[in-house]
Amino acid sequence: ALSLLLEQVKPRVKSVLLPSYICDSVILPFEQAGYELTYYDVDKYLKPIDIDVIKNSNVGIFLHMGYFGFSTNEILSDLISSLKSESVITIEDVTHTLFSQRNKPIESDFIIGSIRKWFGIPSGGFLASDKTINFELIDANVDFINIRRSSLHLKFEYMNSGNESIKSTYLSGFNRAEHILDEDIKPYKIDHESEVIIKNLDNKELQSYRQRNYEFLLKHLRDVDEIEAIFNDVENDVTPMFFPIYVKSNRDELRRKLIENEIYCPVHWPIPKQVNGNLNITTKNIYDSILSIPCDQRYQIEDMRRIINEIVSFFEE
């Protein structure tokens, strides 16, 4: 979606201002298109800081996002209007807030998002704007789609059978698919199967399960001294992507213990090489201590209770 967007625009200068807490897949299209990369920081609650620095930056494109379902970028609303009046192209990445019902959308020039991060489909992202978008999409990337589809089927089979030999195969498949994306960021059409699933999705069920699971995790983990929940309140208009926590020490050991018990908690994100060495201490600590606990619509309260028990027992040991 970003690659497609960059084909459409002619910014006043070929530079972009990005949050320093970010996934490298967002940086990559700008880097490959020859943009100068600059960054602004966020605080421990993932809210942008140094608003004046952002306002006075001489850039052509400004990208912002909310994190984990929460509108941490709401503070930028007035700033976005100011930047647009100065011909800065503004982009909101709504991947994390896709199913949250915000009262006041931020009026950016372009909206992008990855849909496949929310449920098991082979492909799916989008680009939206009130401006005309001229494009020709390439037919779906067959290699990528086939690897993703077969890996999703294998994962389903593993979850039903518990056959450990299947697990390494589907994990390897997912890694191969992500490697394809790292090597090839051209805009491809979504595959038909994913499009049908998206159009028939039950949003309300997805939202209610995630909110319920998040609230249960929060209730039972908020008093564990060794971790800190980043967001201590989940309002009705928030659909959480994960339950993100800071682990004050031994994060990687905790993660390994959870994996041993078949609880897979991703780290969002490894430090991108493009920002490594240029982070302030707060942002560095985010990368080093954050852990994303799953709370999505696949799971019941019993699953959340098992996660809680494993985390509590790890620190008691």
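Above this note sits the structure.
### Considerations on the nonpolar core
Consideration 1: Ranked by size, the top nonpolar core spans 73 residues in total, and within it Tyr21, Phe30 and Leu46 carry the most contacts.
Consideration 2: Per element, the largest residue contribution to this core is seven residues, and it comes from helix H11 (residues 301-316).
Consideration 3: Discounting residues that sit within four places of it in the chain, Tyr21 has contacts with Val42, Leu46, Tyr67, Phe68, His268, Trp269, Thr283, Ile286, Tyr287 and Ile290.

### Thoughts on the pattern of salt bridges
Consideration 1: Here the structure, examined in full by the defined rule, presents 14 salt bridges.
Consideration 2: With its nearest N and O atoms 2.8 Å apart, the salt bridge here joins Asp296 to Arg298.
Consideration 3: Looking at Asp296, the relative accessible area reads 7%, which means it is buried.
Consideration 4: Since its relative accessible area comes to 44%, Arg298 is described here as partly exposed.

### Examining the packing of helix H9 (residues 251-260) against H11
Consideration 1: Two elements in contact, H9 and H11, have axes separated by 10 Å at closest approach and are oriented at 130 degrees. The angle between H9 and H11 falls in the class oblique. Considering only the axes of H9 and H11, their crossing is right-handed. Side by side, H9 and H11 meet where Glu253, Leu254, Lys257 and Leu258 of the first sit next to Glu310, Ile311, Ser313, Phe314 and Phe315 of the second.
Consideration 2: Residue composition of the contact of H9 with H11, by class: five nonpolar, one polar and three charged.

### Focus on the environment of Ala128
Consideration 1: As for its placement among the helices and strands, Ala128 is situated in strand E6 (residues 125-129).
Consideration 2: Looking at Ala128, the relative accessible area reads 30%, which means it is partly exposed.
Consideration 3: Separated by 19 residues in the primary sequence, Ala128 and Asp109 place their C-alpha atoms 8.8 Å from one another.
Consideration 4: Discounting chain neighbours no more than four positions away, the residues touching Ala128 are Asp109, Phe110, Ile111 and Ile133.

### Comments concerning the sheet that holds strand E9 (residues 290-293)
Consideration 1: The strand order across the open sheet formed by three strands is E7-E8-E9, and the pairing between neighbours is antiparallel. Each having just a single partner strand, strand E7 (227-229) and E9 make up the two edges of the open sheet. Strand-to-strand twist across the sheet, computed as the mean angle between neighbouring axes with direction ignored, equals 35 degrees.
Consideration 2: Relative to strand E8 (residues 243-247), E7 is paired through three bridges, and the arrangement is antiparallel. By the bridge assignment for E8, Ile227 is matched with Val247.
Consideration 3: On top of the sheet, helix H10 (residues 281-289) reaches E8 and E9; it is set at about 45 degrees to E9, its chief contact.

About the cut-offs
- Note that residues are indexed from 1 along each chain, following the sequence as it is written.
- Totals for whole chains, interfaces and linings use every residue, but because this is a predicted model, local features are given only for residues with pLDDT of at least 70 and side-chain atom pairs only at 80 or more, for both listing and counting.
- With hydrogens and water set aside, each side-chain value is computed from the structure's full complement of heavy atoms.
- Take the buried Ala, Val, Leu, Ile, Met, Phe, Trp, Tyr and Cys residues and link them wherever side-chain atoms come within 4.5 Å; each set so joined is a nonpolar core.
- Here's how the labels work: a residue is buried when its accessible area is under 20% of the maximum for its type, exposed when over 50%, partly exposed in between, all with a 1.4 Å probe on protein chains only.
- The helix count covers DSSP runs of H or I at least four residues long, the strand count covers runs of E at least two residues long, and both are numbered beginning at the N terminus.
- It only takes one pair of heavy atoms within 4.5 Å for two residues to be counted as in contact.
- The rule for a salt bridge is simple: a side-chain nitrogen of Lys or Arg has to be within 4 Å of a carboxyl oxygen of Asp or Glu.
- In this analysis, axes come from line fits to C-alpha atoms, helices being fitted only over the stretch in contact, and the angle between any two N-to-C directions falls in the range 0 to 180 degrees.
- Geometric relationships in this document are graded by angle, where less than 35 degrees denotes roughly parallel, more than 145 denotes roughly antiparallel, 65 to 115 denotes roughly perpendicular, and other angles denote oblique.
- We call a crossing left-handed when the near helix sits turned anticlockwise from the far one by less than a right angle, and right-handed when that turn is clockwise.
- Put simply, Ala, Val, Leu, Ile, Met, Phe, Trp, Tyr, Cys and Pro go in the nonpolar bin, Asp, Glu, Lys and Arg in the charged bin, and everything else, Gly too, in the polar bin.
- Criterion used throughout: strands pair if DSSP finds at least two bridges between them.

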